[in-house]
Amino acid sequence: MADKLQLARQFIEAIPHARALGLELTHISNGEAEITMPYNEALIGDPRTGVIHGGAVSTMLDTCCGAAVMSHPTQPSSTATIDLRIDYMRAATPGQTITTRATCYHITRNVAFVRATATDEDRDNPVATASGAFTVEGK
Amino acid sequence: MARSRPEPMQVVKQRRDTALNALVEGVPYIRFLNISFDRRGDELTGVLNFDEKLIGNPLLPALHGGVTAAFLEVTAVITLSWERMFPQIESGELDAADILKSKEVRFPKTIDFTVDFLRSGLPRDAYARAFINRSGRRYASVRVEAWQDHHTKLFAQGTGHFLMPQPKADKE
């Protein structure tokens, strides 16, 4: 199991943009994934408040959803986003790490359905949620 | 009575470009993705300047879906802010320094954003244009389309809803 996490981690870290954001895969198994991103001033969306831009959170959610699909027990060989909807509940608190958790809650031969949540250190109040459909390539 | 002479072109261009630069350059994340804006009159086109660090699938290679989503959202927010501010920029009520520093100037907040990924983003520059479906006092609905080689072959499109900044008096 540890090997699997290690492998998936290397896979995520090989993505240039995931590296640019400092994304770290902290959990992956059975259609569920968790990714964290440390606070980074380069990703600020509003210089007056220091709040991270929603776009960086979208990228985390998208990556996390894709990882969840890849970890589904049916073992898709690859996946791509068909559509993704993000709801922004509140601004992430400046200085805090953001964590996203995604669940692939249904999968067919061709399509995977995924939900995800992003939080900061206050885990009870989500920063954003996402839901999307992903392609399923060659099982 | 003779009409007043139109302003010299350089004055108009400089005023508009300085204001637009202030709007865009002030945001670290827009610099991080290296998004710039082409302006023709009041019409804006977002440009995502390609860089290796925007890649999400190194095998294809293709742009990261999150980058595409962020590019669409940035284009929507900047276009929405620009259209709101344009009359004030033109009248001289608002200048570039205000856009950068004044606490009165705030950006629309994204409520939700949906992206439709139509084809994979090629490893080269991408362009986006936003269309404001409706911009009310409190809420706005915006559609954005993005393309690379051919404008008619979109690689992504999106729709988002935004909460418009409220004048101080309206706040609690």
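This section reports on the structure supplied with the text.

### With respect to the overall build of chain A
Here's step 1: When helices and strands are tallied, chain A shows three helices and eight strands.
Here's step 2: Each helix (α) and strand (β) of chain A, taken in turn from the N terminus, gives the series α-α-β-β-β-β-α-β-β-β-β.
Here's step 3: In terms of overall dimensions, chain A is globule-like: its C-alpha atoms have a radius of gyration of 15 Å, near the 14 Å expected for 139 residues.
Here's step 4: Buried residues in chain A amount to 45% of all 139 residues.

### So, the environment of A:Thr49
Residue and element names in this part refer to chain A.
Here's step 1: Here Thr49 is to be found in the loop between β3 (44–46) and β4 (51–52).
Here's step 2: By C-beta crowding, Thr49 is classed as exposed, having 11 other C-beta atoms within 10 Å.
Here's step 3: Not counting the four nearest positions on each side in its chain, Thr49 is found in contact with Ala91 and Pro94.

### Observations concerning the interface of chain B and chain A
Here's step 1: Residue-level contacts link 30 residues of chain B with 30 residues of chain A.
Here's step 2: Elements with a contribution of two residues or more to the side of chain B that touches chain A: α2 (28–33), β3 (55–57), α3 (65–91) and β5 (109–117) of chain B.
Here's step 3: If one sorts the elements of the side of chain B that touches chain A by residue count, β5(B) sits on top with eight residues.
Here's step 4: By residue class, the composition of the side of chain B that touches chain A is 16 nonpolar, eight polar and six charged.
Here's step 5: Sheet topology places strand β5 (residues 81–88) of chain A next to β5(B); five bridges connect them, and they run antiparallel.

### Details of the packing of helix α3 (residues 54–70) of chain A against α3(B)
Here's step 1: Where α3(A) contacts α3(B), the two axes come as close as 8 Å, and the packing angle between them is 150°. Taken together, α3(A) and α3(B) sit at an angle that is classed as roughly antiparallel. Here α3(A) runs over α3(B); the crossing is right-handed. Facing α3(A), whose interface residues are A:Gly54, A:Gly55, A:Ser58, A:Thr59, A:Asp62 and A:Thr63, α3(B) presents B:Gly65, B:Gly66, B:Val67, B:Ala69, B:Ala70, B:Glu73 and B:Val74.
Here's step 2: Grouping the amino acids of the contact of α3(A) with α3(B) by side-chain chemistry returns four nonpolar, seven polar and two charged.

### Quick notes on the pairing of strand β1 (residues 24–29) of chain A
Residues and elements named next belong to chain A.
Here's step 1: Of the strand pairs in this sheet, β1 and strand β2 (residues 32–37) are connected by five bridges, and their pairing is antiparallel. By the bridge assignment, Ile28 is partnered in β2 with Ala33.
Here's step 2: Between the antiparallel neighbours β1 and β2 lie two residues, among them Asn30 with a positive phi of about 45°.

### Considerations on α3(B)
Residue and element names in this part refer to chain B.
Here's step 1: With 27 residues, α3 extends 39 Å between its outermost C-alpha atoms, agreeing within 8% with the 39 Å of an ideal straight helix rising 1.5 Å per residue.
Here's step 2: Of all the bends found along α3, the most pronounced is centred on Met85 and spans about 45°, while Pro87, a proline, follows it within four residues.
Here's step 3: α3 sits mainly inside the fold: 19 of its 27 residues count as buried.
Here's step 4: Of the residues flanking the end of α3, it is Gly92, one or two places downstream, whose phi is positive at about 90°.

### Structural notes on the sheet that holds strand β1 (residues 35–40) of chain B
Here's step 1: Overall, antiparallel pairing links the 12 strands, which are arranged β1(A)-β2(A)-β6(A)-β7(A)-β8(A)-β5(A)-β5(B)-β8(B)-β7(B)-β6(B)-β2(B)-β1(B) in an open sheet. Across the chains shown, the open sheet's two edge strands, defined by having one partner strand only, are β1 of chain A together with β1 of chain B. Here the strands of the sheet are splayed against their neighbours by 20° on average, with no regard to which way each runs.
Here's step 2: As judged from the eight bridges shared by β5(B) and strand β8 (residues 154–163) of chain B, these two strands associate in the antiparallel manner.

What counts, and at which threshold
- Residues numbered from 1 in each chain as written.
- Chains lettered and ligands numbered in written order.
- Predicted model: local features only at pLDDT ≥ 70, side-chain atom pairs only at ≥ 80, totals over all residues.
- Helix = DSSP H or I, 4+ residues; strand = E, 2+ residues; numbered from the N terminus.
- Rg over C-alpha atoms; globule rule 2.2 N^0.38 Å.
- Buried ≥ 20, exposed ≤ 12 C-beta atoms within 10 Å, placed from the backbone.
- Contact = placed C-beta atoms within 7 Å.
- Nonpolar A, V, L, I, M, F, W, Y, C, P; charged D, E, K, R; others polar.
- Pairing = 2+ DSSP bridges.
- Axes fitted to C-alpha atoms, helices over the stretch in contact; angles between N-to-C directions.
- Parallel < 35°, antiparallel > 145°, perpendicular 65-115°, else oblique.
- Left-handed = near helix turned anticlockwise from the far one by under 90°.
- Expected span 1.5 Å × (residues − 1).
- Bend = angle between axes of the 7 residues up to and from the residue.

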